[in-house]
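Fold and geometry: a report
Each chain, written out:
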Amino acid sequence: MMEKVSRSQKKRAAEALQRSGMKLVALGESQLEAMDIPAELKDALLAARRLNKKHEAYRRQVQYIGRLMREMDNLQIDSALHALEAGQERQKRQFACVERWRDELVAGDDGRLDWISDNVPGVDRQQLARLVADARGSTNPSAVKIASRQLFRFLSHLEIGI
């Protein structure tokens, strides 16, 4: 026997699809192209991008996107959105880690320098030490800022296992 779905459950499901649709609207063109989305849904997403989010037309368009999504299999779209969000979360964690390392190195933590050179594969210790010395050594604030950016750039290109 089939379980009866309440009206509230249907509304929650429709709202969840609308939220997924809003996430799709926010994606870049290349990200949308990478997903296997039907042409009708892609057109609706592109139309929503052209609308002002404060107007009623945008709300109606998002409802339309939700209706289109109810008519299709959303497992693939949900998994692609989840993968994108997981990748973005990983990038945020990596960015925060690199920022913390740079700040520790500039503040004089030589233990962090040793740890990075011992535990991060492919790091050029001499170049890292030179960049740290440049960031620490100058009395000119603009030179410190430039050296700090160069150090950050160097650290962000390392293969960090986060």
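Summarised in this report is the structure supplied together with it. Nothing here was measured: the structure is a model prediction, and the numbers come from that model.

1. Regarding the packing of aromatic side chains
Summed over the entire model, instances satisfying the criterion amount to 2 aromatic pairs. Seen in terms of ring centroids, Phe-95 and Phe-152 are 5.2 Å apart; in terms of plane orientation they differ by 65 degrees. Their pairing is edge-to-face. You can see Phe-95 sitting in helix α5 (residues 75-106) and its partner Phe-152 sitting in helix α8 (residues 141-156), a full 57 residues away along the chain. The class of Phe-95 is partly exposed, set by a relative accessible area of 44%. Summarising the aromatic geometry, the rings of Trp-101 and Trp-115 are spaced 5.5 Å apart at their centres and angled 65 degrees between planes, so their arrangement reads as edge-to-face. With Trp-101 in helix α5 and Trp-115 in helix α6 (residues 110-119), the pair connects residues that are 14 residues apart, well separated along the chain. Using a relative accessible area of 3% as the deciding quantity, one classes Trp-101 as buried.

Procedures and definitions
Residue numbering note: each chain is counted from 1, following its sequence as written. With pLDDT at 70 or above as the cut-off, local features in this predicted model cover only qualifying residues; side-chain atom pairs require 80 or more to be listed or tallied, and sums for whole chains, interfaces and linings still use all residues. To obtain the side-chain values, all non-hydrogen atoms of the structure were included, while hydrogens and water were left out. Working definition: a ring pair exists when centres of Phe, Tyr or Trp rings (six-membered ring for Trp) sit within 6.5 Å. Plane angles under 30 degrees give stacked, over 60 give edge-to-face, the rest tilted. Secondary structure elements are taken from DSSP: a helix is a run of H or I of four residues or more, a strand is a run of E of two residues or more, and numbering for both begins at the N terminus. Exposure categories follow from relative accessible area, calculated using a 1.4 Å probe and restricted to protein chains: below 20% of the type maximum is buried, above 50% is exposed, and the middle band is partly exposed.

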